Amino acid sequence: MKKDDIFYQAMLARDPRFDGKFFIGVKTTGIYCRPICPAKPKRENVEFFSNGLQAEKAGYRPCLRCRPESAPHSPAWVGKSAVVQRAVKVLNAKESLSFNEDDFAAQFGVTARHLRRLFMEEIGKTPKQLSFENRLNLARKLIVETSLPITEVAFASGFESIRRFNDAFKDRFKKAPREIRRNKVAPGAGLRISLSYRPPFDFQGLLTSYRNHRVGNLEWFQENTMYRLVALNGHVGVIAISDNPEKSCLQLEIDFPDTAQIPAIISRVRHLFDLDSDPVMIANTLEADSGIKKILKVSPGIRLPSGWDPFEIAVATILGQLVSVKMGRELVHDLIEIAGAESDFEKEGRKIKLFPSAKDIINADLTKLRTTKARKQTLIEFCKAVLEKRISLSPTQDVEIFMKDVQKLRGIGPWTAQYMALKALRHTDTFPASDLILARTLKIHDKKIIDQMSPWRGYVAALFWKNYSLELTKTALQKRTKS
């Protein structure tokens, strides 16, 4: 069966596993759709594209019904060159709506002019145009899914002029914002947004991981929902994240006073729950080994746990060196209580403190922090390196250079560097082999076979942590008791 025929069958089945992996251009209407769109055009009337940008370059406009911009992004990044691939990935995950061509190009070691040329050659749009369209895509999502007033939607999407917003919106979607409004405006109502993923999706596995590594009182859990206190740009609010497996999406509820931070919140939640992962592609690689295939059947749709903020993850990693998960969690809690600022947010009658900044930690009295003097010094040196920009936690950087640089700090070795690369930088090909649990799994699974699973070795680590932690910890305790 030809590739296009497989795509057409997936479209007829509305298979969510293919969502975002290809798009359908409908010749008779001039629109392009996601594979899950209810529309079912005839085979001779469609053509297929690997991404939405290709469809738009061919003259198609996005479907108003299935909203292609809401599909999970594909790991098969747009573009031919590595620079364009990385740049598109960063644009799709960008937290801030502000865009400076020179600063953006500098992240990839090229000039703005050179990057514009590459973009035009490979995808037919400049980085600035793509950034602008991402803002409009966000606007349509907010208009369709929430009751946020149109003026607030415009502001949340980075527009200062309502007239300019209306003109740009109509130019892209061929309808005015008010023409696609579905929900009535309800003053004071919180925002509820859906975030699509490709099934299978191990939501419970991620939830368990975040419970075990919860960040002080900033995170709490009720049944199948994760809550997080969010502090951005001087404002504080709360988000709630739950799963809707029937629709293959997360439900994100946002109660935050500054609508300009909505893009940042959405971007962070997408990373937190690894929503752009392709479980079928990963499974095809991991199932090459029969032993790992057996574990994957128990935990289908494994995702890569990370955290809300890279700096939080890095600090927790340093404090978690050579201690149990429970003790590491307690040390993070203690650090927040010692160095964190008051948030004025109360839960169960107690005010919750915010996670301290690098400067807060350096200036704090860490005498009562229950860890070694050497580890406290490592923490302070790391914070100084972050402030002085000797250490970056940006996921766009070269991971090998990051690990080399961070290990120059006294007290940071291979495990810490690799763990930060995996969880803070979200590098999917990192396998911290010296980790206590992972080192024990290597007595069961051949390291050479794991190395062949590049670039998804991070998912192997996540799979082993989930399925071996309790078993191998019990075995170690039994051996210790006998001896």
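Read on for a plain summary of the structure.

What counts as what
Residues numbered from 1 in each chain as written. Predicted model: local features only at pLDDT ≥ 70, side-chain atom pairs only at ≥ 80, totals over all residues. Heavy atoms only, no water. Helix = DSSP H or I, 4+ residues; strand = E, 2+ residues; numbered from the N terminus. Rg over C-alpha atoms; globule rule 2.2 N^0.38 Å. Buried < 20%, exposed > 50% of the residue type's maximum accessible area, 1.4 Å probe, protein only. Contact = heavy atoms within 4.5 Å. Pairing = 2+ DSSP bridges. Salt bridge = Lys/Arg side-chain N within 4 Å of Asp/Glu carboxyl O. Core = buried A, V, L, I, M, F, W, Y, C linked by side-chain atoms within 4.5 Å. Axes fitted to C-alpha atoms, helices over the stretch in contact; angles between N-to-C directions. Parallel < 35°, antiparallel > 145°, perpendicular 65-115°, else oblique. Left-handed = near helix turned anticlockwise from the far one by under 90°. Phe/Tyr/Trp six-rings, centres within 6.5 Å; stacked < 30°, edge-to-face > 60°. Polar contact = N/O pair within 3.5 Å; in protein donor to acceptor, adjacent residues only side chain to side chain.

Attention now goes to the overall build of the chain. Within the chain, the secondary structure is distributed over 21 helices and eleven strands. Its C-alpha radius of gyration of 23 Å places the chain within 12% of the 23 Å reference for a compact globule of 483 residues. Taken along the three principal axes of its C-alpha coordinates, the chain extends 75 × 55 × 45 Å. Taking all 483 residues of the chain together, the buried fraction comes to 51%. Partitioning the contacts of the chain with sequence separation of at least 6, the portion at a separation of at least 24 is 64%.

Tracing the backbone through its elements, the reader meets Leu366 in the loop between helix H15 (358–363) and helix H16 (373–387). With a relative accessible area of 6%, Leu366 lands in the buried category. Those residues within four positions of Leu366 in sequence are excluded, and the remaining contacts are Leu335, Ile338, Ile361, Lys376 and Ile380.

The strands that make up a sheet are held in pairs by hydrogen bonds between backbone atoms, and each pair lies either parallel or antiparallel. Across the sheet, four strands lie side by side as E3-E1-E2-E4; this open sheet has mixed pairing. With partners counted over all chains shown, the strands left at the sheet margins are strand E3 (46–49) and strand E4 (61–62), one partner each. Relative to strand E2 (residues 31–33), strand E1 (residues 23–26) runs antiparallel, the two being bridged by three bridges. Looking at E2, one finds that Ile24 is bridged to Cys33.

Now for the pattern of salt bridges. Following the criterion strictly, the structure yields 30 salt bridges and no others. Between Arg228 and Glu312 there is a salt bridge, and its shortest N-O distance comes to 2.6 Å. Of this pair, Arg228 sits in strand E7 (residues 225–232) while Glu312 is found in helix H13 (residues 310–319), placing the two residues 84 residues apart along the sequence. Between Lys347 and Glu348 there is a salt bridge, with its nearest N and O atoms 3.4 Å apart. Judged by relative accessible area, which is 25%, Lys347 ranks as partly exposed. Take Glu348: its relative accessible area is 74%, and that puts it in the exposed class. The network of salt bridges with common partners includes Glu56, Lys125, Glu133 and Arg172.

Before going further, it helps to examine unusual backbone geometry. Glycine aside, residues mostly have negative phi, and peptide bonds are mostly found in the trans state. The peptide bond linking Pro199 to Pro200 adopts the cis configuration, its omega dihedral lying at 0°. Of note, Pro200 is situated in the loop between strand E5 (191–196) and helix H9 (203–212). The linkage connecting Ser454 with the following residue, Pro455, adopts the cis geometry, with an omega of 10°. The topology assignment puts Pro455 in the loop between helix H20 (447–451) and helix H21 (457–482).

Formed by 45 residues in total, the largest nonpolar core has its most connected members in Ile265 and Phe273. Core analysis: the next-biggest nonpolar cluster, separate from the first, contains 41 residues, Leu335, Ile361, Leu366 and Leu369 among them.

Reading across the sheet, the five strands line up as E5-E9-E8-E7-E6 and stay open at both edges, with antiparallel pairing between neighbours. Of all strands in the sheet, those bounded by a partner on one side alone are E5 and strand E6 (219–222). Taken pair by pair, the neighbouring strands of this sheet meet at an average axis angle of 25°, ignoring direction. As paired elements, E7 and strand E8 (residues 235–244) share eight bridges and run antiparallel to each other. By the bridge assignment, Arg228 is partnered in E8 with Ile239. With respect to the sheet, H9 is in contact with E6, E7, E8 and strand E9 (249–255), its orientation differing from that of E6 by roughly 135°.

Burial within E7 is extensive, with six of its eight residues counted as buried. With four bridges joining them, E6 and E7 adopt antiparallel strand pairing. Residue Phe221 lies in a different strand from E7, and its bridge partner there is Met226. In sequence, E6 turns back onto E7 through a hairpin of two residues, with Glu223 there showing a positive phi of about 50°. Between E7 and E8, which follow one another and run antiparallel, lie two residues, and Asn233 among them has a positive phi close to 55°.

Axis angle and axis distance: for two packed helices, these are the angle between their axes and the distance between the axes, and together they describe the pair. In the contact formed by helix H3 (residues 82–92) and helix H6 (residues 127–145), the axes pass within 10 Å of each other and the chain directions differ by 25°. The orientation of H3 with respect to H6, classified from their angle, is roughly parallel. Where H3 crosses over H6, the two elements pack in a sense that is right-handed. For the pair H3 and H6, contact is made by Val88, Leu91 and Asn92 and by Pro127, Leu130, Ser131 and Asn134, respectively.

One pass over the full model with this rule turns up 25 aromatic pairs. Aromatic pair Phe169 and Phe173: ring centres 4.8 Å apart, planes at 55°, arrangement tilted. Of this pair, Phe169 and Phe173 both sit in helix H8 (residues 162–173), four residues apart, which is roughly one turn of that helix. The exposure class assigned to Phe169 is buried, which follows from its relative accessible area of 0%.

For the rest of this paragraph, the subject is the side chain of Thr371. Examined against the element boundaries, Thr371 turns out to sit in the loop between H15 and H16. Ignoring sequence-local partners within four residues, the contact set of Thr371 consists of Leu319, Leu331 and Lys376.

What follows concerns the environment of Ser299. Locating Ser299 in the fold gives a position in the loop between helix H12 (290–298) and H13. Residues Ser299 and Leu463, spaced 164 residues apart in sequence, show a C-alpha to C-alpha distance of 7.5 Å. Setting aside chain neighbours within four positions, we find Ser299 in contact with Asp202, Leu463, Lys466 and Asn467. Polar contacts involving the side chain of Ser299 include one to the side chain of Lys466, which spans 3.3 Å. A distance of 3.3 Å separates polar atoms of two side chains, one belonging to Ser299 and the other to Asn467.

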